[in-house]
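Below are the chains, spelled out letter by letter.
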Amino acid sequence: MQTTAEPASVALPGQPTLARKGMMRLPMVPKLAYRNLFHDRLGLIVTVVGIVFSVVLVAVQFGLYLGSENRIAAMFDHAEGDLWVVPLGTKSFDDPAMLSGRERHGVLSTPGVASVQELAVGFVNWRKPKGGSTAALLVGSDVTQGISLPWNVTEGSASALAAPSAVAVDSTYFQELGVGGLGDRAEVNNMEVTVHAVTKGIRSFTTLPYVFTTLATGRTLLGASADQSSYTLVKAAPGTAVEELRSALAKRLPDAEILTHAEFRKRSLDYWLFETGAGAALIAGAVLGIIVGMVIVAQTLYASTKDHLNEFATLRALGASAGYINKVILIQAILSAVIGYVLGMALSLLVIWAAEDSTLLIVMTPHLALMLLALTVGMCVLAAICAIFKVIRIDPAVVFSR
Amino acid sequence: MTALPYMLEARDITKVYRSEAGDIMPLKGVSVELAPGELTLLMGPSGSGKTTLLSILGCILSPTSGSLSIAGYSTAGLSAEGMADLRRRHVGFVFQSYNLVPTLTALENVMLALDLRGASRAEAPDLAWEALAAVRLSHRAHVMPSKLSGGEKQRVSIARALAGAPSVILADEPTAALDSENGQAVMALLAEVAKDTRRAVLVVTHDHRTLKYGDRMIRIEDGRIASRARRRLSEVNNEFAPAA
């Protein structure tokens, strides 16, 4: 008797029919994966250390990248406007030039404009009270019009900047600027200024200290005329299409560039992160972390699989499908990933906490944490492929030769 | 369902290994039938082709030519996964070195075999306990293989093979790593298992002390069946008469 029917349906008289659909399967695959993993404690430690190293490296690199983004975009996140009128060829907020001075009137006379605010931004020479000088980036804005520059004021107030020659500086730059708090005096471009407000945590990506003042004082200190500014922020009236307003402004102001808020923000980010290569270096560091992690996990998983090759061959001889064995290896990889991720994240948060008061800004967001989890699991699953290739090639006949 | 005359039927099995140094032919037209309720001994000197034959009968290797059917199902044209499926459902193995998973307890080793066969969470524990009870090892169910004696390991291996009620149990030198007492106990157990008319048992052995447990004996030499014998019904010792 010879038939070629599907063996899955075969049941001899009296034999229990084991393969019934819809029944809860035994948790043997995760159990085997867990036992294999914890059986070799040293191997597990090596794997976890590799993953932790990788998670911390990637978390810090991406955290630094996000921190850099935050620093570059900080001005945009605190300056309200739908459109920015900027000098032609402006690469970023921190690369200022002066507009001609006719822009404010040109903008105000355009239909659909609700309000206009101007910023005078420029590099200045800051002479310290006790001698020595440093470069700084002066940001002059009209504080009386409710513009939210500067923010995070911890001493004094933004409105105190209305006083003659008043400036605000950040406490993290005290040492660099040679001042210690409210009332301290210094010179900006050879003109005396007094610290009337102190902020906390406003640091620039370029490391040059920001110095905030009013628009009028800013113009004076920068040597600009009374109607000149670096940027003109335009707020569209309710119901006005921003794109249409941009076209109208572009026609009126041919010597300036009209950018949406998002465009200018992106241009600044792209300039500092990619044109200067700073962001690429951070991303390269993160990629390196992923590669190192993957290699370590792949090596240890491969070694673990080799150690358990006899068992996998036995499973294969007993009729385990390739998928069944692959599942064991993948679960081992995922378990390693989760353990490594939890420890790695804990260590990363510790690093971030320790760097809080340093010049490094490392940011961790829920989104980044989730991305790191996905990345870690993905990295470990990819690393498991080498081990899976090894197992696929097992000859189950070896079980008879031992 | 009509009872099958043979649980395993192999016809004119040939195996050729091709290599640059020349072809090696460990099996040259071997035919084997395993009847239900019988324990068959496969004997032969080293290099006679026993292991190759066992691998083919267990659907681990494919023959170069010839046919094989297990529980009425032909292996012709089956892929590697199809062969794995057939041996999962119809073949139980007992290995010389036991091949238990060292990270699982005795009970879990048996449950692993049941899991492979698709047992549900509800039925598997009972079936595993039954299999361990059948080899009189229930009291060692939660012990890791490293803490079991050789005889106990082999009994767990038999329980694992029994779990899921395969049509054929293939044992590769099951007593080779055991002392005389444990070897006898294991063979007695296999003989008991073979009495179940729902399955056939084949034992590859060198050990002449196992002869008394066989119902039939096949002798293989140089890749060919040299002799077949059936136990004389009147004999209680190691007397085999040539098979018809």
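The paragraphs below set out a description of the structure included in this document. Please read these numbers as outputs of a predicted model, since none were measured by experiment. (Residues numbered from 1 in each chain as written. Chains lettered and ligands numbered in written order. Predicted model: local features only at pLDDT ≥ 70, side-chain atom pairs only at ≥ 80, totals over all residues. Heavy atoms only, no water.)

Another point: the overall build of chain A. Looking only at helices and strands, one finds 11 helices and 10 strands in chain A. For chain A, the spread of C-alpha atoms along the principal axes amounts to about 105 × 50 × 30 Å. In chain A, buried positions account for 48% of the 402 residues. Roughly 18000 Å² of accessible area belongs to chain A as shown, and the carbon and sulfur atoms make up 61% of that amount. (Helix = DSSP H or I, 4+ residues; strand = E, 2+ residues; numbered from the N terminus. Buried < 20%, exposed > 50% of the residue type's maximum accessible area, 1.4 Å probe, protein only. Areas by Shrake-Rupley, 256 points an atom, 1.4 Å probe, with all protein chains shown as cover.)

Further remarks concern the pattern of salt bridges. Across all of its chains, the model carries 28 salt bridges over all chains by this definition. Salt bridges sharing common partners tie together Glu9, Arg11, Glu33 and Arg228 of chain B. (Salt bridge = Lys/Arg side-chain N within 4 Å of Asp/Glu carboxyl O.)

Next up on the list: the sheet that holds strand 4 (residues 65-70) of chain B. Residues and elements named next belong to chain B. Within the open sheet, the four strands sit side by side as 2-1-4-5. Their pairing is antiparallel. Looking at which strands have only one partner, the edges of the open sheet turn out to be strand 2 (24-34) and strand 5 (73-74). Inspection of the sheet shows strand 1 (residues 8-17) paired to strand 4 by five bridges, in the antiparallel sense. Within the sheet, the bridge partner assigned to Glu9 lies in strand 4 and is Ser69. Sitting on the sheet, helix 1 (residues 50-57) is in contact with strand 1, strand 2 and strand 4, with an inclination near 55° to strand 2. (Pairing = 2+ DSSP bridges. Contact = heavy atoms within 4.5 Å. Axes fitted to C-alpha atoms, helices over the stretch in contact; angles between N-to-C directions.)

Attention shifts here to the packing of aromatic side chains. Residue and element names in this part refer to chain A. Applying the stated criterion to the full structure yields 15 aromatic pairs over all chains. Ring centres of Trp84 and Tyr231 lie 5.6 Å apart, and the angle between their planes is 75°; this geometry places the pair in the edge-to-face category. With Trp84 in strand 1 (residues 83-87) and Tyr231 in strand 9 (residues 231-236), the pair connects residues that are 147 residues apart, well separated along the chain. What makes Tyr231 buried here is its relative accessible area of 0%. Ring geometry for Trp84 against Phe264: centres 5.1 Å apart, planes inclined by 65°, an arrangement best described as edge-to-face. Of the two residues, Trp84 is situated in strand 1 and Phe264 in helix 7 (residues 261-275); the sequence distance between them amounts to 180 residues. What makes Trp84 buried here is its relative accessible area of 0%. Under the relative-accessibility criterion, Phe264 is labelled buried at 0%. Its guanidinium or amino end placed over the ring of Tyr173, Arg203 lies 4.5 Å from that ring's centre, counting from NZ or CZ. (Phe/Tyr/Trp six-rings, centres within 6.5 Å; stacked < 30°, edge-to-face > 60°. Lys NZ or Arg CZ within 6 Å of the ring centre and 35° of its normal.)

The nonpolar side chains of a soluble globular protein tend to be buried with one another. In this structure, Leu39, Leu57, Val110, Ile158, Leu170 and Leu190 of chain B are the most contacted members of the largest nonpolar core, which totals 123 residues. Setting aside anything within four residues of it in sequence, one finds Ile158 of chain B in contact with Val94, Val135, Val186, Leu189, Leu190 and Val193 of chain B. Ranked by size, the runner-up nonpolar core spans 24 residues in total, among them Leu161, Leu233, Leu259 and Phe264 of chain A. (Core = buried A, V, L, I, M, F, W, Y, C linked by side-chain atoms within 4.5 Å.)

All names here are of chain B. Taken across its five residues, strand 8 (residues 200-204) has five buried, putting it largely inside the fold. Judged by which residues are buried, strand 8 turns out to be covered on both faces: Ala200, Leu202 and Val204 on one side and Val201 and Val203 on the other are all buried. Across four bridges, the pairing between strand 3 (residues 39-43) and strand 8 is parallel. Residue Leu42 lies in a different strand from strand 8, and its bridge partner there is Val204. Pairing between strand 7 (residues 168-172) and strand 8: five bridges, direction parallel. Across the sheet, the residue bridging to Leu170 is Leu202, located in strand 8. Each parallel crossover has a hand, and for strand 7 linked through helix 6 (residues 180-194) to strand 8 it is right-handed. (Right-handed = clockwise from strand over helix to strand, strands pointing away.)

The subject of this paragraph is the side chain of Glu108 of chain B. Tracing the backbone through its elements, the reader meets Glu108 of chain B in helix 3 (residues 106-116). Looking at Glu108 of chain B, the relative accessible area reads 9%, which means it is buried. With sequence-adjacent residues up to four places away left out, Glu108 of chain B is seen in contact with Met28, Lys31 and Arg35 of chain A together with Thr103 of chain B.

The next thing to look at is the environment of Gly89 of chain A. All names here are of chain A. Structurally, Gly89 is set in the loop between strand 1 and helix 3 (103-108). Exposure remark for Gly89: the relative accessible area of 56% places this residue in the exposed category. C-alpha of Gly89 to C-alpha of Glu257: the two residues are 168 residues apart in sequence and 7.9 Å apart in space. Beyond its immediate chain neighbours, meaning those up to four positions away, Gly89 contacts Asp95 and Glu257.

All names here are of chain B. In terms of residue burial, strand 7 counts as a mostly covered element, since five of its five residues are buried. Burial of strand 7 is two-sided: the residues Val168, Leu170 and Asp172 facing one way and the residues Ile169 and Ala171 facing the other way are all buried. As paired elements, strand 6 (residues 91-94) and strand 7 share four bridges and run parallel to each other. Its bridge partner lying in strand 7, Val94 is registered against Ala171.

Okay, helix 9 (residues 309-317) of chain A next. Residues and elements named next belong to chain A. Among the nine residues that make up helix 9, seven are buried, leaving the element largely enclosed by the rest of the structure. Of all the positions in helix 9, only Glu311, Phe312, Ala313, Thr314, Leu315, Arg316 and Ala317 are classed as buried. Positive backbone phi, approximately 105°, marks Gly319, located one or two places after helix 9.

Of note, the phi angle at Asn152 of chain A is positive, near 50°, even though the residue is not glycine. Tracing the backbone shows Asn152 of chain A in the loop between strand 3 (133-141) and strand 4 (153-156). A positive phi angle is found at Arg136 of chain B, which is not glycine, with a value near 55°.

Turning to a nonpolar patch on the surface, a few remarks are in order. A cluster of nonpolar side chains, Leu347, Leu350, Val351 and Trp353 of chain A, forms an exposed patch at the surface whose accessible area comes to about 410 Å². Relative to the assigned elements, Trp353 of chain A resides in helix 10 (residues 322-354). (Patch = residues over 30% accessible without salt bridge, like charges linked within 9 Å, V, L, I, M, F, W, Y side chains within 5 Å.)

All names here are of chain B. One way to put it is that helix 3 packs onto helix 5 (residues 150-162) with a least axis distance of 8 Å and a crossing angle of 25°. Between helix 3 and helix 5, the crossing angle belongs to the class labelled roughly parallel. In this structure, helix 3 meets helix 5 at a crossing whose hand is right-handed. Along its contact with helix 3, which presents Ala106, Asn109, Val110 and Ala113, the element helix 5 presents Val156, Ala159 and Arg160. A class-by-class count of the residues in the contact of helix 3 with helix 5 yields five nonpolar, one polar and one charged. (Parallel < 35°, antiparallel > 145°, perpendicular 65-115°, else oblique. Left-handed = near helix turned anticlockwise from the far one by under 90°. Nonpolar A, V, L, I, M, F, W, Y, C, P; charged D, E, K, R; others polar.)

Two numbers describe a pair of packed helices, the interaxial angle and the distance between the axes. Residues and elements named next belong to chain A. Relative orientation of the contacting elements helix 2 (residues 41-78) and helix 10 amounts to 45°, with a least axis distance of 8 Å. Our classification of the angle between helix 2 and helix 10 gives oblique. Classified by chirality, the crossing of helix 10 by helix 2 is right-handed. Of helix 10, the residues touching helix 2 (which contributes Thr47, Val48, Ile51, Val52, Val55, Val56, Ala59 and Val60) are Ser336, Ala337, Ile339, Gly340, Tyr341, Leu343, Gly344, Met345, Leu347, Ser348 and Val351.

Read these as spatial facts, not as claims about activity.
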